Amino acid sequence: MIDLTILQKVADIVRIIPFAWIVLDFLKDILISIILTGPAPKHVGFIMDGNRRYAKKKQLPLKDGHLAGAMSLISVLETCYRVGVTDITVYAFSIENFNRSKEEVDTLMGLLRDKLKYLALYDDSYARVNKVKIKIIGNRSMIPGDILEDLEKVEEITNIESATRVLNVCFPYTSRDDIVHSIQNVCNNGVPRESISQAELYNNMYMGPEAPQLDLLIRTSGHTRLSDFMLWQCTHDCKIEFVNTLWPDFKFISVYSILLKWSYYHRKETRAKSEQEQQESSGYSGKVVDITSLPPPPPFATVGSK
């Protein structure tokens, strides 16, 4: 099996060659057009893991590892939105991250603020050009005042009626805190106990009722755990992909291969479900009779004369 990380590194090296980027972008357009012929997930979540290990592996300062991860995010956003994904949710900062050193916490918060401002505050910024609405999802009471002010400004600028895409930035967030927040909202709204339902809890979560159900969840770096991220939203219809690639190395080729896989199997499952419904509606059971299980034939007889 081809190592996608190596393939991506080769593509990055080739791009340095003069005018080679034209050929690479042309190939990328062809690959994107392939997915556009089939279904695409509407809502994709990312657990962006591996920045620290990337920095350690490259012998770089920790800040540079997080910076490289921020650059990968832009590549991932571009790819997902081009194939038809409308909502992307990223795990930018877990509440558990407050247990890290103050220096790293300050670095993460400052970097997140700077990158979101870069994505949104200028006329030619990615979010404004591509009509992406940025939403901060999580416990805002834990965000320092100066950073929260900047983040809410980003939300305000990108909250326009013409926005066709959404970027949910979970910061700071855990799924357990999200569920507690929802229950508190329901209680504060005076909803009768007998009227509390799963839909009511879902509508009162940080993301709000307008967020589509999660179709695909991707975690990088090789860990096979959800780390308290979108536990409620990971229903039986949500596909989960754990990949070994560190987040800073997770770029076009990596995310494209997963989206193509999702599209293929989703189409296959949809076709199988449609065929089953047609068989049920027509009364055809679809069962194949095993002739070896039939009783033996009667003995040979003739009415002719001896």
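Rules used throughout
Residues numbered from 1 in each chain as written. Predicted model: local features only at pLDDT ≥ 70, side-chain atom pairs only at ≥ 80, totals over all residues. Heavy atoms only, no water. Helix = DSSP H or I, 4+ residues; strand = E, 2+ residues; numbered from the N terminus. Contact = heavy atoms within 4.5 Å. Areas by Shrake-Rupley, 256 points an atom, 1.4 Å probe, with all protein chains shown as cover. Core = buried A, V, L, I, M, F, W, Y, C linked by side-chain atoms within 4.5 Å. Buried < 20%, exposed > 50% of the residue type's maximum accessible area, 1.4 Å probe, protein only. Patch = residues over 30% accessible without salt bridge, like charges linked within 9 Å, V, L, I, M, F, W, Y side chains within 5 Å. Salt bridge = Lys/Arg side-chain N within 4 Å of Asp/Glu carboxyl O. 1 Å grid on protein atoms, 1.4 Å probe; cavity = no way out; pocket = protein on both sides within 12 Å on 5 of 7 lines; lining within 4 Å. Points joined across faces, edges and corners; volume = space filled by probe spheres on them. Nonpolar A, V, L, I, M, F, W, Y, C, P; charged D, E, K, R; others polar. Phe/Tyr/Trp six-rings, centres within 6.5 Å; stacked < 30°, edge-to-face > 60°. Lys NZ or Arg CZ within 6 Å of the ring centre and 35° of its normal. Pairing = 2+ DSSP bridges. Axes fitted to C-alpha atoms, helices over the stretch in contact; angles between N-to-C directions.

Caption draft 1: Highlighting the overall build of the protein. Regarding its fold elements, the protein presents 10 helices and 6 strands. Within the protein, counting contacts between residues at least 6 apart in sequence, those at least 24 apart form 73% of the total. As displayed, the protein offers around 18,100 Å² of accessible surface, 57% of which is attributable to carbon and sulfur atoms.

Caption draft 2: Structural detail: the nonpolar core. Among the nonpolar cores identified, the biggest contains 47 residues, and Phe-46, Ile-88, Leu-116, Ile-134, Leu-167, Val-169 and Phe-250 are the most heavily contacted of them. Apart from residues lying up to four places away in sequence, Ile-134 is in contact with Leu-116, Leu-119, Ala-120, Ala-127, Val-154, Glu-155, Thr-158, Leu-167 and Val-169. Core analysis: the next-biggest nonpolar cluster, separate from the first, contains 15 residues, Tyr-91, Ile-137, Leu-214 and Leu-217 among them.

Caption draft 3: Just a nonpolar patch on the surface, in detail. Nonpolar side chains collect at one region of the surface, where Val-23, Phe-26, Leu-27, Ile-30, Leu-31, Ile-34 and Leu-260 lie side by side and expose about 580 Å² of accessible area between them. No other element matches the 6 residues that helix α2 (residues 20–36) contributes to the nonpolar patch. Note on placement: Leu-260 falls in helix α10 (residues 252–282).

Caption draft 4: Here's a closer look at the pattern of salt bridges. By the definition in use, this model includes 17 salt bridges. Asp-49 serves as the salt-bridge partner of Arg-53, at 3.3 Å between the closest nitrogen and oxygen. For the salt bridge of Arg-52 with Glu-104, the shortest nitrogen-to-oxygen distance reads 3.3 Å. Taken together, the residues span a long stretch of sequence, with Arg-52 in helix α3 (residues 51–57) and Glu-104 in helix α5 (residues 102–120) at a distance of 52 residues. Classification of Arg-52 by relative accessible area gives partly exposed; the value is 40%.

Caption draft 5: Region of the structure containing empty space enclosed by the protein. For the coordinates displayed, the defined rule picks out 1 cavity of 30 Å³ or more. Counted as a void, the largest cavity has a volume near 30 Å³. In terms of lining residues, the largest cavity is bounded by Leu-77, Tyr-81, Leu-119, Tyr-126, Ala-127, Val-132, Ile-134 and Leu-167. Where the lining of the largest cavity is concerned, the elements lending two or more residues are α4 (62–83), α6 (126–129) and β3 (132–137). Residue composition of the lining of the largest cavity, by class: 8 nonpolar, no polar and no charged.

Caption draft 6: Geometry of the packing of aromatic side chains. In this structure the tally under the stated criterion is 10 aromatic pairs. Taken together, a centroid distance of 5.9 Å and an interplanar angle of 80° make the contact between Tyr-173 and Phe-229 edge-to-face. With a gap of 56 residues between them, Tyr-173 in the loop between β4 (165–170) and α8 (175–188) and Phe-229 in the loop between β5 (216–219) and β6 (239–242) connect regions that are remote in the sequence. Note on accessibility: Tyr-173 and Phe-229 belong to one class, buried. Chaining the aromatic ring pairs together yields one cluster made of Phe-46, Trp-247 and Phe-250. Between the NZ or CZ atom of Lys-28 and the centre of the ring of Phe-252, over which it lies, the distance is 4.9 Å. Between the NZ or CZ atom of Lys-115 and the centre of the ring of Tyr-118, over which it lies, the distance is 5.5 Å.

Caption draft 7: Region of interest: the sheet that holds strand β1 (residues 43–47). Taken together, 6 strands build an open sheet; the order of strands is β3-β4-β2-β1-β5-β6 and the sheet is parallel. The sheet is open, and its two edges are formed by β3 and β6, each paired on a single side. Sheet twist, expressed as the mean angle between neighbouring strand axes with direction ignored, is 15°. Contacting β3 and β4, α5 crosses the sheet at an angle of about 160° to β3.

Caption draft 8: Spotlight on the pairing of strand β2 (residues 87–91). Most of β2 sits inside the fold, with 5 of its 5 residues counted as buried. With burial as the criterion, each face of β2 is covered, one bearing Asp-87, Thr-89 and Tyr-91 and the other bearing Ile-88 and Val-90. Bridging between β1 and β2 involves 4 bridges; their strand directions are parallel. Paired with His-43 across the strands is Asp-87, a residue of β2. Note: β2 against β4, 5 bridges, orientation parallel. By the bridge assignment for β4, Ile-88 is matched with Leu-167.

Caption draft 9: How the structure looks around the layout of surface pockets. Its volume calculated, the largest pocket comes out at about 820 Å³. Surrounding the largest pocket, 36 residues form its lining, Met-48, Asn-51, Tyr-91, Ala-92 and Asn-97 being those nearest its centre. Listing elements by their share of the lining of the largest pocket, those giving two or more residues are α3, α4, β2, α5 and β4. Partitioned by chemical class, the residues of the lining of the largest pocket number 20 nonpolar, 8 polar and 8 charged.

Read these as layout, nothing more, since geometry by itself doesn't imply function.
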